[in-house]
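Structure at a glance
Each chain is listed here by its residues.
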Amino acid sequence: MKITIERAALLKALNHVQSVVERRNTIPILSNVLMQAQDGGLSLTATDMDIAIVDKVEATVNEAGSTTAPAHTLYDIVKKLPDGAQVNLSTNGDQLELVAGRSQFTLQTLPQDDFPVMTGGDMPTGFALTSSEAKLLIDKTRFAISTEETRYYLNGIYMHVAEGSDTLRAVATDGHRLARVEFPAPDGAAGMPGVIIPRKAVQELRKLIDETDGDISVNLSDTKIKFEAGATVLTSKLIDGTFPDYERVIPQGNDKIMSLDTRSFAEAVDRVSTIATEKMRAVKMAMDSGVVTLSASSQDSGTAVEEISVDYANDRIEIGFNSRYLLDIAQQIESGSAQFIMADPSSPTIVQDAEDKSALYVLMPMRV
Amino acid sequence: MFDEPEIADETNVALLSPRDSLSVKGHEANEQLLLDAWNSGKLHHAWLFTGPKGIGKASLGYQFARFILAGGGEGGGLFGDQPDSLKISAEHPVYRRMMSGGHSDFQILEKGMMNPDTKRVAENDIPVAIARKAIEFIRLTPAESDWRVILVDAADDLNRNAANALLKVLEEPPARAIFILISHAPGRLLPTIKSRCRKLTFKSIPDESVSELLVSQYPELGNEDAHALARLSEGSIGKAMELQDNGGLDLFRMVVSLLSHPQDLSLTKLHSLADTLSRKDAKENYIVFRNLIDWWFKRLLKILAGDHMPKPIFAEEYMAIEACKALMPLGKWLEAADLVNERLWQTEAPSNLDRRQVVIDAFLTLETLAQGR
Amino acid sequence: MTASRQIPIEFPVRTALGVDDFMVAECNEESIAWLDKWPDWPMPALCLYGPGGSGKTHLLHIWCETSKADNIDGRDLTTDIVPVLLESGHGLAVDNAENCPEDSLFHLYNLAKETNQKLLLASKQAPAHWNIGLKDLASRLRACPSVGLRYPDEDMLAALMMKQFQDRNLRLSPEILAYVLPRLERSFEAVRQFVTLMDLESLAERRKLTVPFASRIMDQMEKNKDGR
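Reference entry: report on the structure contained in this document.

Basis of the calculations
- Residues numbered from 1 in each chain as written.
- Chains lettered and ligands numbered in written order.
- Predicted model: local features only at pLDDT ≥ 70, side-chain atom pairs only at ≥ 80, totals over all residues.
- Helix = DSSP H or I, 4+ residues; strand = E, 2+ residues; numbered from the N terminus.
- Buried ≥ 20, exposed ≤ 12 C-beta atoms within 10 Å, placed from the backbone.
- Contact = placed C-beta atoms within 7 Å.
- Core = buried A, V, L, I, M, F, W, Y, C linked by C-beta atoms within 7 Å.
- Nonpolar A, V, L, I, M, F, W, Y, C, P; charged D, E, K, R; others polar.
- Pairing = 2+ DSSP bridges.
- Axes fitted to C-alpha atoms, helices over the stretch in contact; angles between N-to-C directions.
- Parallel < 35°, antiparallel > 145°, perpendicular 65-115°, else oblique.
- Left-handed = near helix turned anticlockwise from the far one by under 90°.

Before going further, it helps to spend a moment on the overall build of chain C. Helices and strands together make up the secondary structure of chain C, namely 9 helices and 6 strands. By the burial criterion, 35% of the 228 residues in chain C qualify as buried. Intrachain contacts of chain C at a sequence separation of at least 6 include 74% that bridge at least 24 residues.

Shown next, in the form of structure tokens:
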């Protein structure tokens, strides 16, 4: 392998892929980045065996070939090279030589055949998401992903096409709150298997979306998913489990509707919950005509009460919620106005952005 | 003969690392059982390989894992016949990647791995943090193969919490996930783990049988040599044959001869040994030689530490042990063993030194130490 | 404010209802034997009775799979739909049969007999205890074989508990099983309650399933009983 490549381009790609490489790996091949040079470009691949990221950079390829070299060391070296440097990389036996200006480095390499292969395989479903659709899928649901290891099948976002409809949906839940977002299914998504995308992959994908304005192309099978954004490809394993039948827990007949100003609500909740010291930070919401009274109390610190004006014309009702959950959901509501659709103090409550019904949140109350 | 595999670190007591052994001799019945289970289409998800240490359990475990990850190996015919062997060639990509630790659908659990919580190597057991990583692994889909395989070598090393954590997935495994547990002392394993596994017993063959088998396989082999090989391979017919194929007994004789006077090495003998090992086609022989040295040092150290004297391989070996015992105490031999072993590994990357040079250097280092310099 | 508790989402449980999932034990062997004998039943109906959670519904499902019969709840039976229900010729399973309007059940029985179809009637108690007013119906049902699903023995309870845990994707540790079995009321209902509470409470509090936790759940079950 013999190539010449621009420092900035190489650095950007290395920075990208190395986030997936675990530091202090006991398995040498996993600390390396796979470099494949051909057809006027260099492909860099890094993996932690759950996720693989491939970045393609333009390069002058004098001699095609591939090898693997320590990812972090390579990155550190390239970072310290001067701006605008032209980097020459060539393999010599089992070493990689890097020459840039008057600096020369040699790195120990490991053979390409030792490197994990995650990116192959049949992925029969394929469709494209716009950058904003992809952001929607993640941003609206991510906060509700469970971190509990017992219910491993909740540790990701469930992406699927809703039964009997033409919408693409992403759902996440941790058993206390549930988030569902949907929009018209893109071409090619129909008939796709429902997949649970692991949290780690969601994180990496989100970073990827930030760097591109263009469409994200998605390919998947029932064992793998692949996202392509610009010159970067992210491949990930899926969670091997069955996502619960979430539709049955979204209440249909809740009839007590309250609209409020998101910001003032959040600020009031925040203030009132300062007093609560129990681990759960419960806040009681007492809804009455045109007003909701927020209250919290703790044996050690005292009590807090605050009233805010809301749009509510139904029966008096009192429901308790975890203040953290209330604040999380308030943060999800982008428009100024949020809607709470309630039934009773021990049933699920629906929360929505009054101006954007693509996302729906279910929040379970607390018994106070 | 075989491709020299790249091994990152070396902790094997066995003469050949289980990870490397391409084919495992001496346990054909068990191999057939596994093959039949695979071909029946109803492969049980958890297997427990039991039997004395060092006789090939882990080797067959790795072989079976390779076979599964290669989707049933290469044994079948073009027309979709069922495979008739667990063998996977060293050229197969699955083989390479399992060796390098780069197969995304294979997970090994063993002593000496890095504990992700404490960031330290767990020398003496398999802690729960590592078991958890394996569980997280099995909860994800496979990326390359249709299957996932977890190999525990050995289940005896799982600490209490790790065993309990593993039990969870043994009881509710996902589809197409296989657990292979190696155990030298199944009496101490959690009964709940045992009850989930299909048991495969491995028997060590008595020396007498090993030497008989050897003589039948190698008609030119004399009885005395056959017996010595049997003792050297500690009951594993596989190892015995591998030794015989690589001139192991002769090498061992040369080594013993040198080690009868470590403080005053015969240079003729040393050069003769170095010559033998530096021949172009002696790559495999060198590995066998290096493993023999490692094994013998461990044997010596155990004796120095108070273990009773095992049956000598042959008379001269007994004398070499006595000579070494009298020469230096345990502490010095520990040092010597480390130094020699380290030197012998310098034939690998990054030093890539010449075999001849390495062998001579290793023994001269020993001599210096033995002379008290 | 007393200690507040987060209420968890109650996800529907996918109960495994296949024939492989049904656990045969002494207490339900007889009923299984009868179902195996179908269509070789001496009378137009077979009555299956037993307490809640005893597996009646499961058995009904299995029989419907085999016979291709439809399934209806006793409360929903009316005289005019009887012909429709027996149209297919495969027979009919009636759950909660003691809640059938008597004349509709009478009509159903007669039509089944005429068209040579079989009925599987499931109920909490044997027909002899239904207090049937309509004498002709009572005499017909009396003549039909009725099989009781008995109260479970410890093995059955253990197996049931394991299965219900599995249905909810949870793991029943041997320690919890050993602790709970001798202390739990010997009924299918108690098992069901215990497993449901373990699932919901652990989800609500994000707690792992341990013996102390199981002990708390059992205390709660005691309190609930007293509260009633």
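All names here are of chain B. By size, the foremost hydrophobic cluster in this structure holds 166 residues, and its most contacted members are Ala65, Ala131, Ile180 and Leu181. If we skip the residues at most four places from it in the chain, Ala131 touches Leu109, Ile126, Leu158, Ala162, Ala165 and Leu166. Core analysis: the second largest hydrophobic core is formed by 41 residues, Ala226, Ile237, Phe289 and Ala336 among them.

Right, let's talk about the interface of chain B and chain A for a bit. With 21 residues of chain B at the contact, the number on the chain A side is 25 residues. Elements that contribute at least two residues to the side of chain B that touches chain A include exactly helix H3 (93–100) and strand S3 (113–115) of chain B. The element contributing the most residues to the side of chain B that touches chain A is H3(B), with 4 residues. Grouping the constituent residues of the side of chain B that touches chain A by class yields 10 nonpolar, 6 polar and 5 charged.

Our next topic: the sheet that holds strand S3 (residues 41–47) of chain A. Residue and element names in this part refer to chain A. On the basis of which strands lie adjacent, the open sheet formed by 8 strands has the order S6-S2-S3-S4-S17-S16-S15-S10 and antiparallel pairing. Looking at which strands have only one partner, the edges of the open sheet turn out to be strand S6 (65–70) and strand S10 (125–129). Ignoring which end each strand starts from, the neighbouring axes of this sheet average 20 degrees apart. Here 7 bridges tie S3 to strand S4 (residues 51–58), and the two strands are oriented antiparallel to one another.

Residue and element names in this part refer to chain B. You can see Leu265 is positioned in the loop between helix H10 (248–259) and helix H11 (267–278). A count of 19 C-beta atoms within 10 Å places Leu265 in the partly exposed class. Setting aside its immediate chain neighbours within four residues, Leu265 contacts Leu258, Leu270, Phe363 and Glu367.

Further remarks concern the interface of chain A and chain C. Interface extent is often summarised as the accessible area lost during association of the parts. Listed as interface residues are 24 residues of chain A and, on the opposing side, 14 residues of chain C. Within the residue set of the side of chain A that touches chain C, elements represented by two or more residues are strand S23 (317–322) and strand S27 (366–367) of chain A. Residues belonging to the side of chain A that touches chain C are distributed by class as follows: 11 nonpolar, 8 polar and 5 charged.

The subject of this paragraph is unusual backbone geometry. Residue Ala154(B) is bonded to the preceding Asp153(B) through a cis peptide linkage, with omega at 15 degrees. As for its position among the elements, Ala154(B) is in the loop between strand S5 (148–153) and helix H5 (160–171). Along the chain, Trp38(C) connects to Pro39(C) via a cis peptide bond; the corresponding omega equals 0 degrees. Inspection of the secondary structure puts Pro39(C) in the loop between helix H1 (29–37) and strand S2 (45–49).

Each pair of packed helices can be summarised by the angle the axes make with each other and by the distance between the axes. Residue and element names in this part refer to chain A. In contact at an axis separation of 10 Å, helix H3 (residues 131–139) and helix H4 (residues 199–210) are set at 150 degrees when each is read in the N-to-C sense. Relative to H4, the element H3 is oriented roughly antiparallel. For the pair H3 and H4, the sense of crossing is left-handed. Across the interface between the two elements, Ser131, Ala134, Lys135 and Ile138 of H3 pack against Val202, Leu205, Arg206 and Ile209 of H4. By residue class, the composition of the contact of H3 with H4 is 5 nonpolar, 1 polar and 2 charged.

Residue and element names in this part refer to chain A. Tracing the sequence through the fold places Ala8 in helix H1 (residues 7–18). What makes Ala8 partly exposed here is the crowd of 15 C-beta atoms within 10 Å. As a C-alpha pair, Ala8 and Gln339 span 331 residues in sequence and 48 Å in three-dimensional space.

Strand pairing within a sheet occurs via backbone hydrogen bonds; the two strands may be parallel or antiparallel. Residue and element names in this part refer to chain C. The 5 strands lie next to each other as S3-S4-S5-S2-S6, forming an open sheet whose pairing is parallel. The strands lining the two open edges of the sheet, one partner per strand, are strand S3 (70–73) and strand S6 (146–148). Neighbour-to-neighbour, the strand axes of the sheet open up by a mean angle of 20 degrees, direction not taken into account.

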